[in-house]
Number of protein chains: 2
Amino acid sequence: MKLGRLNHIGVATPSMDESLKFYREVMGATSVVEPFELADRNLLVAFVDTPTESGMNGTQIELIQPLPGDTAFTNFLAKNPQGGQHHLCYEMADIHAAREWFEGQGKRILGPTRPGAHGTPIFFLHPKDMMGQLTEIMETPKSGH
Amino acid sequence: MKLGRLNHIGVATPSMDESLKFYREVMGATSVVEPFELADRNLLVAFVDTPTESGMNGTQIELIQPLPGDTAFTNFLAKNPQGGQHHLCYEMADIHAAREWFEGQGKRILGPTRPGAHGTPIFFLHPKDMMGQLTEIMETPKSGH
């Protein structure tokens, strides 16, 4: 298995509006994927694009606000009321091969492979098996990011 | 102020050897800046390079292991024995202008501007003023990263 692109850093927020205002007005973000609801997950997500030498295709900040019915992010915010860093997401070319690889390494996978916020399949790995880092693996999008 | 490149994600670790082995053998990292001691900070740091479309110049993972005499990372590890995500670092072109900008926004800056692990000046911003994210600002390196 070869390390893929660091697609995004997941950041929990109690208020999508406040987070977008913060990233735009304080941090100076110029390119944002506007908030949308993640189907069947009870989450509102948005992406802040970051620059590279060749464009705005750097590692994104994924902002995540829980909606009624969510438990995972609601619990995270109960412990971290202001929000904060939640997970890291790496791209891998073949999601099935990636799942088999991590299973073969004895890493606990959290739930089934499912569609993620970028429309490609994803799964999560247990932070206790990943040096304390909640890690998402997503299949590399076929066209851009 | 304009959002700069997401230079690195700081990740605390209780064992640099274990973390490098994890990133190389489990995650498949192929390019690493070998561990070195951060002068006067009592920290051992290393960088894992991540790929972009054009090379291995993506957002880095900065691995940080406290050495005797450190308190900040030692305290972080007391709460998170396995380690985990610690901070986000954005590049900005002019460190003095950046410091003035954040001061003008009423954001608390943690200590003086000082040399960082990439050899350019850095400062840290209080997570409580940054939507829960401990944020490092570093002056963009003059040549590469």
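Counting from 1, residues in each chain are numbered in the order their sequence is written. All chains are assigned letters beginning at A, and all ligands numbers beginning at 1, according to the order in which they are written. The model is predicted, so local features are restricted to residues of pLDDT at least 70 and side-chain atom pairs to those at 80 or more, both for listing and for counting; the totals for chains, interfaces and linings are taken over all residues. With hydrogens and water excluded, all non-hydrogen atoms of the structure serve as input to the side-chain values.

Labelled according to an unreviewed UniProt entry, chain A appears under the name Methylmalonyl-CoA epimerase, originating from Allopontixanthobacter sediminis. A UniProt comment under Sequence similarities (unreviewed entry) is attached to chain A, and it reads "Belongs to the methylmalonyl-CoA epimerase family." UniProt positions are given in the numbering used here, feature names are shortened, and annotations may be inferred rather than shown by experiment.

Visitor: Whenever I open this one, the sheet that holds strand 7 (residues 121–125) of chain B confuses me. Can you help?
Guide: Paired through their backbone hydrogen bonds, the strands of a sheet run either parallel or antiparallel. All names here are of chain B. Judged by pairing direction, the sheet is mixed, and its eight strands sit side by side in the order 2-3-4-1-5-8-7-6 without closing on themselves. Looking along the sheet, the strands with just one partner apiece sit at the ends: strand 2 (32–38) and strand 6 (109–115). When strand polarity is set aside, the average angle formed by the axes of neighbouring strands in this sheet is 20°. The pairing of strand 7 with strand 8 (residues 135–139) spans four bridges and is classified as antiparallel. Each residue of the ladder has a partner; that of Phe 123, found in strand 8, is Ile 137. Those strands touched by helix 3 (residues 95–104) are strand 5 (84–92), strand 6, strand 7 and strand 8, and its axis lies near 15° from that of strand 7. When DSSP locates at least two bridges between a pair of strands, those strands are taken to pair. Per the convention used, a helix needs a DSSP run of H or I reaching at least four residues, while a strand needs a run of E reaching at least two, with both numbered from the N terminus. The axes are straight lines fitted to the C-alpha atoms, using for helices just the contacting stretch, and the angles between their N-to-C directions are given from 0 to 180°. Throughout, a residue-residue contact means that at least one pair of heavy atoms, one from each residue, lies within 4.5 Å.

Visitor: How do you make sense of the interface of chain B and chain A when you look at a structure like this?
Guide: You'll often see interface size given as the accessible area lost when the parts meet. The interface is formed by 51 residues belonging to chain B together with 51 residues belonging to chain A. Counting the surface lost from both chain B and chain A, the interface buries some 3,900 Å², and carbon and sulfur atoms represent 59% of this. The salt bridge definition used is simple: a Lys or Arg side-chain nitrogen within 4 Å of an Asp or Glu carboxyl oxygen. Counting across the chain B and chain A interface gives zero salt bridges. Identification of polar contacts relies on pairs of N or O atoms within 3.5 Å, with a donor-acceptor requirement for protein atoms, meaning one able to donate a hydrogen and the other able to accept it, and with residues adjacent in sequence counted only if both atoms are side-chain atoms. There are 12 residue pairs in polar contact (both at pLDDT 80 or more) connecting chain B and chain A. Listed by contribution, the elements that provide at least two residues to the side of chain B that touches chain A are strand 1 (6–12), helix 1 (16–26), strand 5, helix 3 and strand 8 of chain B. Element by element, the count of residues in the side of chain B that touches chain A is highest for strand 5 of chain B, at seven residues. Ten residue types, Ala, Val, Leu, Ile, Met, Phe, Trp, Tyr, Cys and Pro, are classed as nonpolar, four, Asp, Glu, Lys and Arg, as charged, and the remainder, Gly among them, as polar. For the side of chain B that touches chain A, the class distribution of residues is 22 nonpolar, 20 polar and nine charged. Buried area adds together the accessible area that both of two parts lose upon being put together, with accessible area traced by a 1.4 Å probe.

Visitor: Just checking my understanding: could you explain the UniProt feature "domain: VOC" (unreviewed entry) in chain A for this structure?
Guide: Under the local residue numbering, the UniProt record ascribes the feature "domain: VOC" (unreviewed entry) to residues 5–140 of chain A. Each end of residues 5–140 of chain A is marked by a C-alpha atom, and these two atoms are 8 Å apart; helix forms 21% of the span and strand 39%.

Visitor: Teacher, can you tell me more about the environment of Glu 34 of chain A here?
Guide: Residue and element names in this part refer to chain A. With respect to the element layout, Glu 34 can be found in strand 2 (residues 32–38). Sequence-distant contacts of Glu 34, that is, excluding residues within four places in its chain, are made with Arg 24, Val 45 and Ala 46. A polar atom in the side chain of Glu 34 sits 2.8 Å from the side chain of Arg 24.

Visitor: Explain the packing of aromatic side chains here, please?
Guide: Here the aromatic set is Phe, Tyr and Trp, taking the six-membered ring for Trp, and pairing holds for ring centres within 6.5 Å; pairs whose planes are under 30 degrees apart are stacked, those over 60 apart are edge-to-face, and all others are tilted. Applying the stated criterion across every chain, the model contains four aromatic pairs over all chains. Over the face of the ring belonging to Phe 123 of chain B we find Arg 99 of chain B, whose NZ or CZ atom lies 5.7 Å from the ring centre. Sitting over a ring, as applied to charges here, requires NZ of Lys or CZ of Arg to be within 6 Å of the ring centre and within 35 degrees of the ring normal.

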